[in-house]
Amino acid sequence: MNYDHLMIHYGELSTKGDNKKAFIRELGKNIRHALKGFPTLSFRHDHDHTYVVLNGEDPKPIIEALQEVSGIQKISLVYRSEKDFASLKENALSLMKSEQGKTFKVIAKRSDKTYPKHSYEIARELGGYLLKNCPSLSVDVHHPDLSLHVEIRDDAAYLYAHTYPGAGGYPLGMNGKIMMMLSGGIDSPVAAYAFLRRGVRIECIHFAAPPYTSDAVLDKLKDILRQLNVYQPDIRLNIVPFTKLQLAIYQNVDEPYCITIMRRMMFRIAERLAKLHHCLAIGSGESIGQVASQTLESMIAINSVTNYPIIRPLAVMDKLQVIQLAEKIGTYEISIRPFEDCCTIFKPKKPKTKPKISECEYFEKKFAWEPLVDECVRNVSVIIMKEGEEAYYEHDDLQEGRE
Amino acid sequence: MIYFDNAATTKPSEAVLSLFQRYSESFFANSSSRHALGREANKCLEEARNSILSDFRLTKTHKLVFLSGATEANNLAIKGICEQYKNRGKKIITSAVEHPSVLNVFRRMEQNGFEVVYLPVNEEGKVEPCVLEEAMDKNTILVSIMGINNETGTINDIHSLANIVHRFPKAFFHVDITQAIGKISLPYEEIDLFSFSGHKIHGLKGTGALLFRKNITLSPQNIGGDQEFGFRSGTVDMAGSCCLAQAVHLAKNNRQKNLETVQILSSYLREALKENKEIVINSPSDATPYILNFSFLHKKASVITEALSHEGIYVSSVSACHSKGEPVSYVLLAMGLGKERASNSMRISLSSMNELEEAKIFIAKLNDIIERTIDR
């Protein structure tokens, strides 16, 4: 017996009352995009599920593609049956015969309340029928090899025994957009992935300090974004020319405070670009205590330059967990390519782990950094990574002063 | 564009490229096939083989195996000798500054139970004959020493080294001539085995050869259809091999002329670099003019390389073969120049295609970049 549909169970969005229609529409769009390589499929949406009509396609690659789409809780491989009890019995029997396993149970659910049997009756009668007609099967309601789900809905009955986990979260685009700080290391792509899973679109910002950083970093970033394109098919990368500002910092700031001040400048620039591009928060791959600039004391000193929310999805995660996730989304191998980013090149011998805001302000009074920050924002160059297309450089027409 | 990274690889010459196209189109048959087209391809291949042997004047004494490059040639030479002659003795000798394709093969042999001696070099990077002499004994079956060092351009005295090795009848002498071919003349008849790549002499990547005395047998590293006298199985890249012959021929015929061109550039660069207080030259004064290695006293070499790259000037800061590993030059360390100098070196490597004007632009840009970059 061949399964003919996939039933997509919505994630957390089923609790979302009035916004639900928009959620389903957005998810439908993302599902269609993820499955655009399978032109024979057709789709149907209702209040609780989205159905993919397989039309004879092999379900395996389709399920794999759906598992990358955020907003899906799980995916079931289903057989659509007539609702009358006789065909239900017949179809359930041929389904069970085509499956492997020694023990089973039947789980029934009836959203069509006009159906003549209630859920318990369906389960009991169907179970009895199957038990009688499959001599090799026995019932085990606690740890069955096979759980046969029967859902009686308005249009038809759906039978399924296999369910696959989805990515969870919300459909991409439902939760606004974030300005994600991307260094090229292991952490920031994983943090970006955490946002994408939550349905938050990302736009990225990278600080480049040529010649102190290598152009090879850009290739690395493009490769990372290629991997993230699976979750968001178009990603914009803002590259901030940071050299002049960074040199000014190193000329005017005592060595232990250099990194702190540098991070303060980065957040100032990120905030400016976030506002410009309608991002509602700044995302960062920082993890508490990982390096000197990521202690809680440093975070206060750095954070105080902006009122924008800075969200750090990895703040409390273990490095090994982060690495595992990076491997899962395919960015680990790219991130460990050894090229210098702007933090590794100016590595102070003793960076401050407990910087004070007053000290930061003292150093920042020593030089005119505002015009340098303006210059950074003005001279941003943009790379757009679209799925299936070459990376292209865009002349940024959204820049400040020309709005 | 100013390309000063010719020791990493060179631009293929027009002659080589057109020959590749011609031979690939006309003689695409498998040179092992028995039909007429296969025999024609085989004839071309044998002509290429003879052409290289006669360019080295070794038709009588040596044979040649076509390979994918010097790395494969070094592997075949070293592993081939060690496996074939291990019953004669278990000691093999090389120098501390060899290319990784020699050094790492020796390390592997060491793991396989051979006694390996890594000869130290003097402050110029040369293997001193007396040091080799001291290390030699009757258990030694192989000595492998490079002709010219790829990082510093240091030239070894191959003639004296060969004389020492040949006093021990069981020992074979292998020379990696990858950086020497087309640049200096070597006493090839005194060398038992030598390897080189085509792409360092304006030939193609993926071509190379090992030449060795006819009486030597090597344990093959590729086993299959017994092509190349059974030393290297696999369908032979006939067109590539013909291009290699062409590149060797051009390199040999133009050696003197090319040397004169490069000498002028090299002298200019050396003098100009000496004038910058930030720079200290690592290549000895009698090194090949094709390679000039120097270190920065305060600047970070990788930053300067990146800045030059932005200007369209291409040089190396660490040998391209291990640029993804530890960025310290083991060659400069072995010369006793210290870690700071060894981590901040730059290599300019020239070809006869370079012009004096390019050298002048390079110096101007370099001085300017040094001026405007911060210390490490």
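Above this text is the structure in question.
Rules used throughout
Residues numbered from 1 in each chain as written. Chains lettered and ligands numbered in written order. Predicted model: local features only at pLDDT ≥ 70, side-chain atom pairs only at ≥ 80, totals over all residues. Heavy atoms only, no water. Helix = DSSP H or I, 4+ residues; strand = E, 2+ residues; numbered from the N terminus. Buried < 20%, exposed > 50% of the residue type's maximum accessible area, 1.4 Å probe, protein only. Contact = heavy atoms within 4.5 Å. Areas by Shrake-Rupley, 256 points an atom, 1.4 Å probe, with all protein chains shown as cover. Buried area = accessible area lost by both parts, 1.4 Å probe. Salt bridge = Lys/Arg side-chain N within 4 Å of Asp/Glu carboxyl O. Nonpolar A, V, L, I, M, F, W, Y, C, P; charged D, E, K, R; others polar. Core = buried A, V, L, I, M, F, W, Y, C linked by side-chain atoms within 4.5 Å. Domains from an automatic or database assignment. Pairing = 2+ DSSP bridges. Axes fitted to C-alpha atoms, helices over the stretch in contact; angles between N-to-C directions.

(A) Quick peek at the overall build of chain A. For chain A, the helix and strand inventory stands at 14 helices and 15 strands. Taken along the three principal axes of its C-alpha coordinates, chain A extends 85 × 40 × 40 Å. With 403 residues in all, chain A has 52% of them scored as buried. Within chain A, contacts between residues at least 6 apart in sequence are counted, and of these 79% link residues at least 24 apart. Surface exposure of chain A reaches about 18,700 Å², of which carbon and sulfur atoms provide 51%.

(B) A look at the interface of chain A and chain B. Listed by partner, the interface residues are 11 residues for chain A and 10 residues for chain B. Together chain A and chain B conceal approximately 900 Å² of surface at their shared face, both sides included; 64% is due to carbon and sulfur atoms. In this assembly, chain A and chain B are joined by 0 salt bridges. Here the side of chain A that touches chain B is built from residues that sort into 7 nonpolar, 2 polar and 2 charged.

(C) The arrangement of the nonpolar core in detail. Residue and element names in this part refer to chain B. Phe56, Ile177 and Phe196 are the most contacted members of the largest nonpolar core, which totals 63 residues. The element best represented in this core is helix 7 (residues 238–253), accounting for 9 residues. Here this core spans two domains, and each of domain 1 (2–8 + 255–372) and domain 2 (14–253) adds at least three residues to it. Setting aside anything within four residues of it in sequence, one finds Ile177 in contact with Phe56, Leu186, Tyr188, Phe194, Ser195 and Phe196.

(D) Spotlight on the pattern of salt bridges. As enumerated under the stated definition, the model contains 38 salt bridges over all chains in all. With its nearest N and O atoms 2.7 Å apart, the salt bridge here joins A:Lys83 to A:Asp112. Note that A:Lys83 is positioned in the loop between strand 4 (72–81) and helix 3 (85–97) and A:Asp112 in the loop between strand 5 (103–110) and helix 4 (119–133), a separation of 29 residues in sequence. As far as the burial class goes, A:Lys83 and A:Asp112 line up, both buried. A salt bridge links B:Arg372 to B:Glu311; the nearest nitrogen and oxygen atoms lie 3.3 Å apart. Placement of the pair is B:Arg372 in helix 12 (residues 356–372) and B:Glu311 in the loop between helix 9 (301–310) and strand 11 (313–314), with a sequence separation of 61 residues. A network of salt bridges, in which partner residues are shared, links A:Asp46, A:Asp48, A:Glu151 and A:Arg153.

(E) Examining the sheet that holds strand 8 (residues 157–168) of chain A more closely. Pairing is mixed in the open sheet, where 8 strands are placed in the order 2-3-1-4-8-7-5-6 (chain A). Where the open sheet ends on each side, the last strands, each with one partner, are strand 2 (42–45) and strand 6 (138–139) of chain A.

(F) Looking closely at the sheet that holds strand 9 (residues 279–281) of chain B. Residue and element names in this part refer to chain B. Within the open sheet, the 3 strands sit side by side as 9-10-12. Their pairing is antiparallel. Of all the strands in the sheet, just strand 9 and strand 12 (345–349) have a single pairing partner and so form its edges. Geometrically, the sheet is characterised by an average inter-axis angle of 30° between neighbouring strands, direction not taken into account. Pairing analysis gives 3 bridges linking strand 9 to strand 10 (residues 291–296), with the strands arranged antiparallel. Considered in strand 10, the bridge of Ile279 is made with Phe296. In the packing of helix 8 (residues 255–274) onto the sheet, contacts are made with strand 9, strand 10 and strand 12, and the angle to strand 10 comes to roughly 10°. Contacts from helix 12 reach strand 9, strand 10 and strand 12 within the one sheet, and its direction differs from that of strand 10 by about 15°.

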